[in-house]
There are 2 protein chains.
Amino acid sequence: MKKYTIKDIAELAGVSKGTVDRVIHNRGKVSQKALDKVTKLLEEIDYQPNPIARSLKNNKIYKIYVVLPNPDEDSFWKPCVDGVNQAIEEFKSFLVDIKLFYYSPHSTKSFQNVNNTVINLSPDAVLFPPIFYKESISIANRYKSAGIIVSIFNNQINLKEAVNFVGQDLYQSGRVAARLMEMIVPKKTDIVICHLDEPFNNATHMQKKEKGFRDYFENLGHFEYNLLTFNADKESLHKSLNDFLNIQKNVSGIFVTTSKVFNVVEVLQERKHKNLKIIGYDLLNKNVSLLKSNAISFLIHQRSKSQTYLGLTYLVEHFLFNKDIPNQKLLPIDIVNSENLDSYIEN
Amino acid sequence: MKKYTIKDIAELAGVSKGTVDRVIHNRGKVSQKALDKVTKLLEEIDYQPNPIARSLKNNKIYKIYVVLPNPDEDSFWKPCVDGVNQAIEEFKSFLVDIKLFYYSPHSTKSFQNVNNTVINLSPDAVLFPPIFYKESISIANRYKSAGIIVSIFNNQINLKEAVNFVGQDLYQSGRVAARLMEMIVPKKTDIVICHLDEPFNNATHMQKKEKGFRDYFENLGHFEYNLLTFNADKESLHKSLNDFLNIQKNVSGIFVTTSKVFNVVEVLQERKHKNLKIIGYDLLNKNVSLLKSNAISFLIHQRSKSQTYLGLTYLVEHFLFNKDIPNQKLLPIDIVNSENLDSYIEN
DNA sequence: AAAAAAAGTGTTTTCGAGCACATTTTTGTA
DNA sequence: TACAAAAATGTGCTCGAAAACACTTTTTTT
């Protein structure tokens, strides 16, 4: 189980460690003879430089800055903050400087301002969820030009500047919801796909989920269910959902494509609807209590906390130990009910 | 964001780094005056020794050996091997030596023999699932006496010698299965709890799951379902399950408490049973294809791969970077259906 | 053939912690 | 006051990789 060092290889090759070092980093000034001998040895031994020694020598404080929507304005982002704080705690004694920056999720201007602040602090890497499509592409370009590594999470957009994306397959999560819904609602009924629009949010999110949901039922081949789409924004929801359900009398289940599923349930509870099965997203506090009381049947967990934690871990280990960063990491699509809920909240 | 070093603290305190070092490791030979000054500084600054420098100086190859049932004899353990191999790959360039040892899951003697081999190789830590209760306690004692760190996973037993347990809350996983079953089978029917005994296996495993399953239905308060228990071993299963189902005509669902759920389904498929809902454990290949074809409704995933990977990660980071090892890590209880299956297999 | 340039090789220092060893200061006792 | 013993403090080396620097050998130019 011997681990070879540069010194070992130098001795075996009959050269100095300076020469071995030149070969490893191919910076020339090495005779063909020495080059061949050392290269051969490196391959035979499968030499791996000691990442700890390398890191010590390097001795640089890497700045990794995270740009997030303010969790006070949209509580969806709270777990992401937890993930960042977990990473800060875990790596506090290492030579990394992880910091958080907030902007207002309702303002592209605020997003741009905060990113301007961050770019001027010249970090080594930034991590952010590209919720504003155009603005994210533009800022990612500027980061890249400034030699700053860009890593994204949560929103999967085609951003060639990003080294890494951590998130979930939204199409597939729609299919997961569909399979669950199929199992818990009776046949020959209506199922509603409910989009709660937030004016600034990336609508492709919800579209991918709807596509997955619909595809699942279409692939079944038989048409036992009637799928309806319902759109509303936060303000109009109360009235329009009531109107909608007053007309649609055969609804057995509602699939809400966002984390704001609790808003829908609140309307339903006034109506004293029984036996309407609800499936939605994310373990927000309000959703969690509705899940516990069985007002929601299933929540799909997007592991927001893990997303930021993992994204940061990739960056830190890349800087400290030269580890490769995977291009994409799609996290499992967790199905949460009232009984396995706690096992996710603790993690 | 400055990171202080021993040298910095020595200069600030007006002493040499030798003195600071003596304070940090309280090995005495320091005057009260110097002690006070340095201690105060250390606290003010919240000094954290650079784990990378510490690790480099340490320069010891840590031997971490994993003792597993042979996966060729019980494929349940295959993912555990994958988890070990993933850890080996991830840490291969660090100063750790992770090795795997197999024994026959049908023989306590073989378990003891392999552990004797391992203890003679004097590793720094061992990781194993304590599937044989008495023998595990005895060997854990001997490891502890030999100064070898013991870490366990999968089987939660009261083993004070172990620094860490990684696994799942089996009682709660039974409850999860119960909640799922409740949602997919009609009321006023019979639900079967099916134990597939393997002669040597720790039966408490299955009992905890049954307890959770039964408790869930009892806590409901009303008795809409009739719970039956069915026991069989691999040999007798075919005949006895057929006999059982010939008598019990009102069965709507079967909860199989082990990963051998495919054995049950194979029997059912001969009978052309329609609409019998099956819930079982673990993503074995045979279970996976039955889940895909909807012959199984849900599988509960015990994250066996993550269990060994995590257990090893804790040990490695403890040895290399002095990180604390948590006493217990209970992994989430994953609900798997045909649609989120792939997202777990890839991870 | 001598001098200059280029190519090749080896040596030394650095990073921070940790510890053995060397040196200085203080204390206790004759 | 002398002076050894004990206590306190400081110095210097190590770990492995990396790279600057110093040195030697070969090649090219005049």
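Residues numbered from 1 in each chain as written. Chains lettered and ligands numbered in written order. Predicted model: local features only at pLDDT ≥ 70, side-chain atom pairs only at ≥ 80, totals over all residues. Heavy atoms only, no water.

- Named according to an unreviewed UniProt entry, chain A is Transcriptional regulator originating from Yeosuana aromativorans.

Examining the overall build of chain A
Then step 1. Counting its regular elements, chain A contains 14 helices and 12 strands.
Then step 2. Against the globule reference of 20 Å for 347 residues, chain A gives a C-alpha radius of gyration of 26 Å, more extended than a compact globule.
Then step 3. Across its three principal directions, the C-alpha atoms of chain A cover 85 × 45 × 30 Å.
Then step 4. Relative to its 347 residues, chain A shows a buried fraction of 55%.
Then step 5. Put simply, of all contacts in chain A between residues at least 6 apart along the chain, 70% involve residues at least 24 apart.
Then step 6. When the accessible surface of chain A is totalled, it reaches about 15700 Å², and 50% of it is carbon and sulfur. (Helix = DSSP H or I, 4+ residues; strand = E, 2+ residues; numbered from the N terminus. Rg over C-alpha atoms; globule rule 2.2 N^0.38 Å. Buried < 20%, exposed > 50% of the residue type's maximum accessible area, 1.4 Å probe, protein only. Contact = heavy atoms within 4.5 Å. Areas by Shrake-Rupley, 256 points an atom, 1.4 Å probe, with all protein chains shown as cover.)

What about the domain arrangement of chain A?
Residue and element names in this part refer to chain A.
Then step 1. In terms of domain boundaries, chain A breaks down into domain 1 (6-49), domain 2 (60-168 + 304-331) and domain 3 (170-301).
Then step 2. For domain 2 and domain 3, the distance between their C-alpha centroids amounts to 31 Å.
Then step 3. Contact residues are listed per partner, giving 15 residues for domain 2 and 13 residues for domain 3.
Then step 4. Of the roughly 1100 Å² buried between domain 2 and domain 3 on both sides combined, carbon and sulfur atoms contribute 44%.
Then step 5. When residues of domain 2 are sorted by the area they lose upon contact with domain 3, Phe76, His106 and Gln168 head the list and together hold 41% of the total.
Then step 6. The tally of links between domain 2 and domain 3 comes to 1 salt bridge.
Then step 7. Residue Asp74 pairs with Lys260 through a salt bridge whose shortest N-O separation is 3.3 Å.
Then step 8. At the surface where domain 2 touches domain 3, the tally comes to 4 residue pairs in polar contact (both at pLDDT 80 or more). (Domains from an automatic or database assignment. Buried area = accessible area lost by both parts, 1.4 Å probe. Salt bridge = Lys/Arg side-chain N within 4 Å of Asp/Glu carboxyl O. Polar contact = N/O pair within 3.5 Å; in protein donor to acceptor, adjacent residues only side chain to side chain.)

A short note on the protein's contact with DNA strand C
Then step 1. Close to DNA strand C lie 25 residues; Ser16 and Lys57 of chain A together with Ile6, Lys17 and Tyr47 of chain B are nearest.
Then step 2. One nitrogen or oxygen atom from the main chain of Ser31 of chain A is found 2.9 Å from a phosphate oxygen belonging to DNA strand C.
Then step 3. A distance of 3.2 Å separates a phosphate oxygen of DNA strand C from a polar atom in the side chain of Arg54 of chain B.
Then step 4. Contributions of two or more residues to the surface near DNA strand C are made by helix 2 (17-24) and helix 4 (51-58) of chain A together with helix 2 (17-24) and helix 4 (51-58) of chain B. (Near = heavy atom within 4 Å.)

As for the side chain of Thr308 of chain A
Residue and element names in this part refer to chain A.
Then step 1. Along the polypeptide, Thr308 turns up in helix 13 (residues 304-321).
Then step 2. Thr308 sits in the buried class, given a relative accessible area of 0%.
Then step 3. Residues within four places of Thr308 in sequence aside, it is in contact with Pro79, Cys80, Gly83, Val84, Leu127 and Phe153.

Quick notes on the protein's contact with DNA strand D
Then step 1. As a structural note, the neighbourhood of DNA strand D is formed by 25 residues, with Ile6 and Tyr47 of chain A together with Ser16, Lys57 and Asn59 of chain B the closest of them.
Then step 2. Near the protein, meaning within 4 Å, the atoms of DNA strand D are sugar or phosphate in a fraction of 61%, with bases accounting for the rest.
Then step 3. In the environment of DNA strand D, a base nitrogen lies 3.0 Å from a nitrogen or oxygen atom belonging to the side chain of Arg22 of chain B.
Then step 4. Take Lys57 of chain B: an N or O atom from its main chain is 3.5 Å from a base oxygen of DNA strand D.
Then step 5. Taken together, the elements giving at least two residues each to the surface near DNA strand D come down to helix 2 and helix 4 of chain A together with helix 2 and helix 4 of chain B.
Then step 6. The greatest single-element share of the surface near DNA strand D, amounting to 4 residues, is contributed by helix 2 of chain B.
Then step 7. For the surface near DNA strand D, the residue count by class is 8 nonpolar, 8 polar and 9 charged. (Nonpolar A, V, L, I, M, F, W, Y, C, P; charged D, E, K, R; others polar.)

What to know about the interface of chain B and chain A
Then step 1. Between chain B and chain A, the residue contacts involve 48 residues of the former and 48 residues of the latter.
Then step 2. Together chain B and chain A conceal approximately 4400 Å² of surface at their shared face, both sides included; 58% is due to carbon and sulfur atoms.
Then step 3. By the criterion of area lost to chain A, the three top residues of chain B are Lys3, Ile52 and Glu339 of chain B, representing 16% of everything that side buries.
Then step 4. Taken together, chain B and chain A are joined by 4 salt bridges.
Then step 5. Salt-bridge contacts for Arg175 of chain B lead to Glu339 of chain A; the nearest nitrogen and oxygen are separated by 2.7 Å.
Then step 6. Inspection of the chain B/chain A interface yields 22 residue pairs in polar contact (both at pLDDT 80 or more).
Then step 7. Looking at the side of chain B that touches chain A element by element, the count peaks at 7 residues for helix 8 (residues 170-184) of chain B.
Then step 8. Of the residues assigned to the side of chain B that touches chain A, the class counts are 24 nonpolar, 12 polar and 12 charged.

Comments concerning the relation of the copies chain B and chain A
Then step 1. Take chain B, turn it by 180°, move it 0.0 Å along the axis, and it overlays chain A with an RMSD of 0.1 Å. Interpreted geometrically, this transformation is the action of a two-fold axis.
Then step 2. A share of 100% of the interface residues of chain B reappears at the interface of chain A, consistent with the copies meeting face to face through the same patch. (Least-squares fit on C-alpha atoms with pLDDT ≥ 70 in both.)

A few points about the UniProt feature "domain: HTH cro/C1-type" (unreviewed entry) in chain A
Then step 1. The sites that carry the UniProt feature "domain: HTH cro/C1-type" (unreviewed entry) are, in the present numbering, residues 2-48 of chain A.
Then step 2. The span residues 2-48 of chain A shows a helical share of 64% and a strand share of 0%, and its end C-alpha atoms are spaced 12 Å apart. (UniProt positions renumbered as here; feature names shortened; annotations may be inferred.)

Comments concerning the pairing of strand 6 (residues 189-197) of chain B
Looking along a regular strand, one sees the side chains alternate between the two faces of the sheet.
Residues and elements named next belong to chain B.
Then step 1. Across the 9 residues that make up strand 6, a large majority, 8, are buried.
Then step 2. The sheet contact formed by strand 6 and strand 7 (residues 225-233) spans 9 bridges and is parallel. Looking at the pairing, Ile193 lines up with Thr229 of strand 7.
Then step 3. Of the pairings in the sheet, the one linking strand 6 to strand 8 (residues 251-256) comprises 5 bridges and is parallel in character. Residue pairing for strand 8: Cys194 is matched across the bridge by Val256. (Pairing = 2+ DSSP bridges.)

Looking at the environment of Asn59 of chain A
Then step 1. Of note, Asn59 of chain A is situated in the loop between helix 4 and strand 1 (62-69).
Then step 2. For the pair Asn59 of chain A and Thr189 of chain A, spaced 130 residues apart in sequence, the C-alpha separation works out to 64 Å.

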